[in-house]
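If you want the building blocks of each chain, they are given just below.
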Amino acid sequence: MAQAAAFVSWPSAPLTESLVKRALSNLSVSTFASLPGTHEYSKLLQWSTYDAIDHDLTHRNPENVLSSSYTIRKALIRKHYLARCIHSYLTKHLDSVLKDAVPRTWDLEISYADELDEMWSDQLWDLGNEIDSSSQWWILKPGMADRGMGIRLFNSKDSLYQIFEEFEEYSEDGQQIDDTSVVISQLRHFVIQEYIPSPILLDPNERPRSVSTSNLLGNLQGYKFHLRAYFVASGALQLFMYDRVLALFAAVPYVSPTKGEAVNDAAAGNIDLTPHLTNTSLQIDRGEEGVHLLDELSGCHILSGANTDGGALFTTEDIDNIKVQMGSVLAETFKAALEMPIHFQPLQNAFELYGVDFLVSHDPSGLDSLGNSRIFQVKLLEINSEPAIELTGRRLHGILEDLFVAIEQVAVLPFFRQEVGCVPSMEVPMVPRHLRMCLDAKVRGPGGW
């Protein structure tokens, strides 16, 4: 009987497949593009897409099969489930870091724009009151879409109604209003979040510095960006953060959202989303121009808040503080998911890579919920399974290779070192470089939950 085999299949993500195979190259493992028979191998690794994995095999063979995805994890990766999960957790943990780290969120299930009329007097009653009594902007996101699809900004009930009418038109005639329209009748689940009005702004053109700072200062412009961090969950349950965080910038300088010029013109289609949407999948024509390492931004001038003149600098200490916040926030999010076992069930013989998106708000006089000074506050946006790593670009390809080697060391190697017939302990004797352990929980129950 052969010692070990690996089933590797990423038909829509050739880069991921090549990184997986490279990470496994140092192990004595036979790699297959189709699932081999379990009777032929003492150990089987399924490092493949969620749909290709035999999840029943994972559950039936906890001693001999390791898989690269948890079977049940909707509480994390579906925006509407995540919103409910965090809301439930915060009602029981009033002092949680999530209180400051998650935008206020409402989730709704809707198929037609007319259904909003009833919702304003029911589950969206408090949101409706806020919309009517403030100038706050809000952001709409489909619960199960990704890559920026269906995202819209609005600041009135009428403009939200027009957004859903736009989606209805696309659903009925198939004529896409723009590249991000969605079919409302197929998605149904949406979340509404408060728009973060004060994101930190930097100019990515300032790094790397090819000219002197004095020549740049007068030409700097503030760009919005979000952070993409990779987290690895292993077993039941350890959580690691890969500390080489990406900063993904919008294509044009930031401007606050505004209505159209006409007084009564609040149509969402009149709002230019380009300064607000930082998804690299919406900027394919730019290549990797908008992708940077967060560490590369140290020394850039802060162009948000009261620093529009570029007086203050973004420091290494600021970056370290942001990374610590990110690890704490996602660890607490996983704790929240563990309290919702119907929708999140970690397994001892599974691991998973997540791409987690954060926004950083900037308030020079900011305080957290405990009254402590916090100029930069991390905000959790979403958690993505099977992240689109190919959008990172060629320049930073090396960090992806390092990431997948780290996954192999922290999640795969302990499994293959285990004696045949023993339930894997998944203990990690030494955390690989660039991985930070954020959570080490002991989950009780069959299979680890």
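For the structure given in this document, a descriptive report is provided here. (Residues numbered from 1 in each chain as written. Predicted model: local features only at pLDDT ≥ 70, side-chain atom pairs only at ≥ 80, totals over all residues. Heavy atoms only, no water.)

Comments concerning the packing of aromatic side chains
Counted by the stated rule, this structure contains 13 aromatic pairs. Aromatic side chains Phe167 and Phe190 sit 6.3 Å apart centroid to centroid with 15° between the ring planes, which places their arrangement in the stacked category. Residue Phe167 is located in helix H8 (residues 157–173), and its partner Phe190 is located in strand S8 (residues 189–194); the two are separated by 23 residues in the primary sequence. Judged on exposure class, the residue Phe167 and its partner Phe190 are both buried. Centroid distance Phe225 to Phe249: 4.7 Å. Interplanar angle 35°. Geometry classified as tilted. (Phe/Tyr/Trp six-rings, centres within 6.5 Å; stacked < 30°, edge-to-face > 60°. Helix = DSSP H or I, 4+ residues; strand = E, 2+ residues; numbered from the N terminus. Buried < 20%, exposed > 50% of the residue type's maximum accessible area, 1.4 Å probe, protein only.)

Concerning the packing of helix H1 (residues 14–24) against helix H12 (residues 397–417)
Between H1 and H12, the shortest axis-to-axis distance is 9 Å and the interhelical angle comes to 55°. It follows that H1 is oblique to H12 by the angle criterion. Considering only the axes of H1 and H12, their crossing is right-handed. When H1 is examined against H12, the residues Leu15, Thr16, Leu19, Val20, Arg22, Ala23 and Leu24 are found in contact with a partner set consisting of His397, Leu400, Glu401, Phe404, Val405, Glu408 and Val412. Here the contact of H1 with H12 is built from residues that sort into nine nonpolar, two polar and three charged. (Axes fitted to C-alpha atoms, helices over the stretch in contact; angles between N-to-C directions. Parallel < 35°, antiparallel > 145°, perpendicular 65-115°, else oblique. Left-handed = near helix turned anticlockwise from the far one by under 90°. Contact = heavy atoms within 4.5 Å. Nonpolar A, V, L, I, M, F, W, Y, C, P; charged D, E, K, R; others polar.)

Some remarks on the environment of Val412
Take Val412: it is sitting in helix H12. Separated by 389 residues in sequence, Val412 and Ala23 place their C-alpha atoms 9.9 Å apart. Ignoring sequence-local partners within four residues, the contact set of Val412 consists of Leu24, Leu27, Leu45, Trp47, Leu66, Phe351 and Ile407.

Remarks on the side chain of Thr16
Locating Thr16 in the fold gives a position in helix H1. If near-sequence neighbours (up to four positions away) are discounted, Thr16 is found in contact with Trp10, Ile389 and Phe404.

Structural notes on empty space enclosed by the protein
The tally for this structure, following the rule as stated, stands at two cavities of 30 Å³ or more. The calculated volume of the second largest cavity comes to roughly 100 Å³. Together, Lys79, Leu82, Ala83, Ile86, Val102, Thr105, Lys141, Val191, Gln193, Leu380, Leu381 and Glu382 line the second largest cavity. Elements that contribute at least two residues to the lining of the second largest cavity include exactly helix H4 (79–92), S8 and strand S13 (376–385). Among the elements that line the lining of the second largest cavity, the one with the most residues is H4, at four residues. Looking at the lining of the second largest cavity residue by residue, the class counts come to seven nonpolar, two polar and three charged. (1 Å grid on protein atoms, 1.4 Å probe; cavity = no way out; pocket = protein on both sides within 12 Å on 5 of 7 lines; lining within 4 Å. Points joined across faces, edges and corners; volume = space filled by probe spheres on them.)

Side note on the pairing of strand S9 (residues 225–234)
Working note: regular strand, side chains alternate between the two faces of the sheet. Burial of S9 is extensive: ten of the ten residues sit out of reach of the surface. Hairpin connection of S9 to strand S10 (residues 238–249): three residues between the antiparallel strands, including Gly235 at a positive phi of 65°. The pairing of S9 with strand S12 (residues 351–362) spans eight bridges and is antiparallel. Bridge pairing links Ser234 to Phe351 in S12. (Pairing = 2+ DSSP bridges.)

Let's talk about the layout of surface pockets
Considering only enclosed or pocket space, the second largest pocket measures out at about 750 Å³ in volume. Looking at the second largest pocket, it is lined by 33 residues, and the ones nearest its centre are Lys99, Val102, Pro103, Arg104 and Glu194. Contributions of two or more residues to the lining of the second largest pocket are made by H4, helix H5 (98–101), strand S5 (105–109), S12 and S13. Counting residues per element, the lining of the second largest pocket draws most heavily on H4, which supplies six residues. Taken together, the residues that form the lining of the second largest pocket break down as twelve nonpolar, ten polar and eleven charged.

Observations concerning the nonpolar core
In this structure, Leu227, Phe314, Phe334 and Phe358 are the most contacted members of the largest nonpolar core, which totals 55 residues. Of all the secondary-structure elements, those providing two or more residues to this core are helix H3 (74–77), H4, H5, S9, S10, helix H11 (316–338), S12 and S13. A total of nine residues in this core trace back to one element, the largest contributor, which is H11. Once residues within four sequence positions are removed from consideration, Phe358 is found in contact with His226, Leu227, Ala229, Phe231, Met326, Val329, Val378, Lys379, Leu380 and Leu381. (Core = buried A, V, L, I, M, F, W, Y, C linked by side-chain atoms within 4.5 Å.)

Things to note about the pattern of salt bridges
Taken as a whole and assessed by the stated rule, the structure comprises 18 salt bridges. Note that Asp107 is salt-bridged to Arg84, the shortest N-O span being 3.0 Å. Residue Asp107 is found in strand S5, and its partner Arg84 is found in helix H4; the two are separated by 23 residues along the sequence. Residue classification places Asp107 among the partly exposed residues on the basis of a relative accessible area of 26%. Judged by its relative accessible area of 33%, Arg84 falls in the partly exposed class. Across the pair Asp295 and Lys323 runs a salt bridge whose closest N-O atoms are separated by 2.9 Å. One end of the pair, Asp295, is in the loop between strand S11 (291–293) and H11; the other, Lys323, is in helix H11, with 28 residues separating them in the sequence. By relative accessible area, which is 4% here, Lys323 ends up buried. Residues joined by salt bridges that share partners form a network here, namely Arg104, Glu130 and Glu194. (Salt bridge = Lys/Arg side-chain N within 4 Å of Asp/Glu carboxyl O.)

Overview of the sheet that holds strand S6 (residues 138–142)
Read from one edge to the other, the open sheet built from four strands follows the order S5-S8-S6-S7, with strand pairing classed as antiparallel. On the outer flanks of this sheet lie S5 and strand S7 (152–154), each paired with one strand and no other. Strand-to-strand twist of the sheet, defined as the mean angle between neighbouring strand axes without regard to direction, takes the value 25°. Where S6 and S7 come together, three bridges link them in antiparallel fashion.

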